[in-house]
Amino acid sequence: LPVFFWRGFSSLATPGDQPHVLAMQNMTALLDELHTPYDVLFEGHPDFYDDTKHWARLHSYSTLVLPRVESISDAHVGHIRRFATNGGHVVVLGDASGITDEEDRPRATHAFASLRKEGLVTWVNDSVFTGFMQNRTGTHREEIASALRLQEEPLITTDLPTTVPLHVWLH
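Source: prediction; values computed, not measured.

1. A closer look at the packing of helix H2 (residues 19–33) against helix H6 (residues 126–134)
At a closest axis distance of 10 Å, the pairing of H2 and H6 adopts a crossing angle of 70 degrees. One finds that H2 runs roughly perpendicular with respect to H6. For the pair H2 and H6, the contacting residues are Leu22, Ala23, Asn26, Met27 and Leu30 in the first and Phe129, Phe132 and Met133 in the second. The residue makeup of the contact of H2 with H6, split by class, is seven nonpolar, one polar and no charged.

2. Details of helix H7 (residues 139–148)
All of the buried residues in H7 are Arg141, Ile144, Ala145, Ala147 and Leu148. Along the axis of H7, the buried residues cluster in a sector spanning 160 degrees; they form a single face. Exposed positions of H7 whose direction lies more than 90 degrees from the buried face are Thr139, Glu142 and Ser146. Residues of H7 that are buried make contact with H2, strand E1 (63–67), strand E2 (89–93), strand E3 (121–124) and H6. A positive backbone phi angle near 55 degrees is found at Arg149, which sits one or two residues after H7.

Rules behind the numbers
- Residues numbered from 1 in each chain as written.
- Predicted model: local features only at pLDDT ≥ 70, side-chain atom pairs only at ≥ 80, totals over all residues.
- Heavy atoms only, no water.
- Axes fitted to C-alpha atoms, helices over the stretch in contact; angles between N-to-C directions.
- Helix = DSSP H or I, 4+ residues; strand = E, 2+ residues; numbered from the N terminus.
- Parallel < 35°, antiparallel > 145°, perpendicular 65-115°, else oblique.
- Contact = heavy atoms within 4.5 Å.
- Nonpolar A, V, L, I, M, F, W, Y, C, P; charged D, E, K, R; others polar.
- Buried < 20%, exposed > 50% of the residue type's maximum accessible area, 1.4 Å probe, protein only.
- Arc of directions from axis to C-beta.

Structural data, given as structure tokens:
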């Protein structure tokens, strides 16, 4: 989903205590605070939703962030593996990511275990991610931002002698 869609529809940013919802809200808030453009990608259950077109365009992104994506199919893990082996940066946030399959059945082996072992993902453990979600300032915030490898270059440059604030109005 484009950012404007994510922000504009409250049903997608529903308040609540579901871990995946809170993780998503906190990550998108951080990216907003850091003035980093992003899209929100939703992938569906393979029996009900054909997400082929979404995986086909994954190569256009430089970083894929998985904030507490607990349930994931082997096919989706395969797409993530290809993305990472082709130079994409993958950040897995939270120890619960990948603990169940697409049917919500517990996995014998964590879905991202081999990718982690091969160094194909940047892993942020629960203590850091939970600390960040409880207080989005300080060292936990810096650890998350560092894991994301955000570019330091400004999005827009000018030949003006000083920094010029840029405001975007949403309605």
